[in-house]
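Spelled out from the first residue to the last, the chains are:
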Amino acid sequence: MKSCGSMLGLPGRRLPSAEFLLLLPFLLLLLLPAAPAPHRAAYKPVIVVHGLFDSSYSFRHLLEYINETHPGTAVTVLDLFDGRESLRPLWEQVQGFREAVAPIMAKALQGVHLICYSQGGLVCRALLSVMDEHNVDSFISLSSPQMGQYGDTNYLKWLFPTSMRSNLYRICYSPWGQEFSICNYWHDPHHDDLYLNASSFLALINGERDHPNATVWRKNFLRLGRLVLIGGPDDGVITPWQSSFFGFYDANETVLEMEKQLVYLRDSFGLKTLLARGSIVRCPMAGISHTAWHSNRTLYETCIEPWLS
């Protein structure tokens, strides 16, 4: 018997099998262009500011962690005022870092994150005060003496070998002393009047001394999305270690927490307002020395990574 094809005058070919006809729709799907992957918003750029006697090389581990957990993130570790240059007056450093971060912020329409270590945390807080149009989402203050420093450390012994913390105010609260960055945030609780009158940096950004820019600086600081405070009791350098959380000594060297500090109670630069709106995160962690904060993986995963949106 002739096939249907022969009867129609067509060359003799076998018709597709029933199995092939069932698979045909699926085969056609394979030929269609793949659907685009769902769009994920890019991570905000991260800017890192180092501390006293540091350089960008110190943050190589932190850079690795960010690249691993947030691939594609643009991370800039600013290479300014390295080594001994970090002893330059802090207002000079603020100006240099401001010129470096402004173009990065201008290109980041969704905002940026700041990770600022030790002395660098004070530089960054000043940047948030003086930059009218900053767009910082998270300011991560990594073991930074935000309420000042009052302790004998190896740094101090190297810089002022004949002075101890009890008499360093004689140097730091002089015009000559204020030419050194560490004196810009030296905070002697036994000489508060001298501190308020002589401090050319910390007393100003804390709003502890009147100045014509106080209102504007406070407004600028409150543009901040989130303040993340990190530190711990085994730091060994920041003294008292609670300064990383805006705590500090009273005249009896008893540590008063942030909520008992005058700068908080008066809301002189916006700290109380930030806390009231739920924009302060405190992340204390024991067992980490001062030079290990930016290389400790557990610390990164617990206190830094969650805020790098």
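Residues numbered from 1 in each chain as written. Predicted model: local features only at pLDDT ≥ 70, side-chain atom pairs only at ≥ 80, totals over all residues. Heavy atoms only, no water.

1. A few points about the pattern of salt bridges
Working step 1: For the coordinates displayed, the defined rule picks out 7 salt bridges.
Working step 2: A salt bridge links aspartate 137 to lysine 44, with the shortest nitrogen-to-oxygen separation between them at 3.5 Å. Taken as a pair, aspartate 137 in strand E4 (residues 136-142) and lysine 44 in the loop between helix H2 (18-31) and strand E1 (46-49) lie far apart in primary sequence, 93 residues in all. For the pair shown, aspartate 137 and lysine 44 are each scored as buried.
Working step 3: Measuring nitrogen to oxygen at the nearest pair gives 2.6 Å for the salt bridge that ties aspartate 267 to arginine 218. (Salt bridge = Lys/Arg side-chain N within 4 Å of Asp/Glu carboxyl O. Helix = DSSP H or I, 4+ residues; strand = E, 2+ residues; numbered from the N terminus. Buried < 20%, exposed > 50% of the residue type's maximum accessible area, 1.4 Å probe, protein only.)

2. Some remarks on empty space enclosed by the protein
Working step 1: By the definition in use, this model includes 4 cavities of 30 Å³ or more.
Working step 2: Here the second largest cavity defines a volume of roughly 50 Å³.
Working step 3: Taken together, Ser129, Leu204, Ile205, Asn206, Gly207, His211, Ala214, Trp217, Arg218, Ser268 and Phe269 make up the lining of the second largest cavity.
Working step 4: Mapped onto the lining of the second largest cavity, the elements with two or more residues apiece are helix H10 (202-205) and helix H11 (214-221).
Working step 5: When residues in the lining of the second largest cavity are grouped by element, the largest group, 3 residues, is from H11.
Working step 6: When its residues are assigned to classes, the lining of the second largest cavity shows 5 nonpolar, 5 polar and 1 charged. (1 Å grid on protein atoms, 1.4 Å probe; cavity = no way out; pocket = protein on both sides within 12 Å on 5 of 7 lines; lining within 4 Å. Points joined across faces, edges and corners; volume = space filled by probe spheres on them. Nonpolar A, V, L, I, M, F, W, Y, C, P; charged D, E, K, R; others polar.)

3. Topic: the layout of surface pockets
Working step 1: If you add up the space inside the largest pocket, you get close to 370 Å³.
Working step 2: If you trace the largest pocket, you find 18 residues lining it, with His187, Asp192, Glu208, Gln261 and Leu262 closest to the centre.
Working step 3: For the lining of the largest pocket, the secondary structure elements donating two or more residues are helix H9 (192-198), strand E6 (248-249) and helix H12 (262-265).
Working step 4: Of the residues contributing to the lining of the largest pocket, the split by class is 9 nonpolar, 4 polar and 5 charged.

4. What about the state of the cysteines?
Working step 1: For the coordinates displayed, the defined rule picks out 3 disulfides.
Working step 2: Between the sulfur atoms of cysteine 116 and its disulfide mate cysteine 124 the distance is 2.0 Å. Here cysteine 116 and cysteine 124 share a disulfide; its torsion about the S-S bond, -85°, makes the bridge left-handed.
Working step 3: Cysteine 124 gets classed as buried once you look at its relative accessible area, which sits at 0%.
Working step 4: Between the sulfur atoms of cysteine 172 and its disulfide partner cysteine 183 the distance amounts to 2.1 Å. The sign of the -60° torsion about the S-S bond sets the cysteine 172-cysteine 183 disulfide as left-handed. Here cysteine 172, found in helix H7 (residues 169-172), pairs with cysteine 183, found in helix H8 (residues 181-184); they are 11 residues apart in sequence, far enough to count as distant. A single burial state applies to cysteine 172 and to cysteine 183, both of which are buried.
Working step 5: Cysteine pairing for the chain (bonded cysteines numbered in sequence order): 1-2, 3-4, 5-6. (Disulfide = S-S within 2.5 Å.)

5. Structural notes on the nonpolar core
Working step 1: Leu114, Val136, Phe139, Leu224, Leu227, Phe246 and Leu271 are the most contacted members of the largest nonpolar core, which has 59 residues in total.
Working step 2: In terms of residue count, the dominant contributor to this core is helix H5 (residues 119-130) (7 residues).
Working step 3: When sequence neighbours within four positions are dropped, the list of residues in contact with phenylalanine 139 reads Leu114, Cys116, Gly121, Cys124, Arg125, Leu128, Gln146, Leu224, Arg226, Leu227 and Val228.
Working step 4: Core analysis: the next-biggest nonpolar cluster, separate from the first, contains 23 residues, Ile66, Val228, Ile230 and Leu308 among them. (Core = buried A, V, L, I, M, F, W, Y, C linked by side-chain atoms within 4.5 Å. Contact = heavy atoms within 4.5 Å.)

6. Brief notes about the packing of H5 against H11
Working step 1: Two numbers describe how H5 lies on H11: the axes approach to 6 Å, and their chain directions differ by 110°. The angle between the axes of H5 and H11 places the two elements in the roughly perpendicular class. Packed against H5, whose contacting residues are Arg125, Leu128, Ser129 and Val130, the element H11 presents Val216, Trp217, Asn220 and Phe221 at the interface.
Working step 2: Partitioned by chemical class, the residues of the contact of H5 with H11 number 5 nonpolar, 2 polar and 1 charged. (Axes fitted to C-alpha atoms, helices over the stretch in contact; angles between N-to-C directions. Parallel < 35°, antiparallel > 145°, perpendicular 65-115°, else oblique.)

Purely spatial values, then, with no claim about function.
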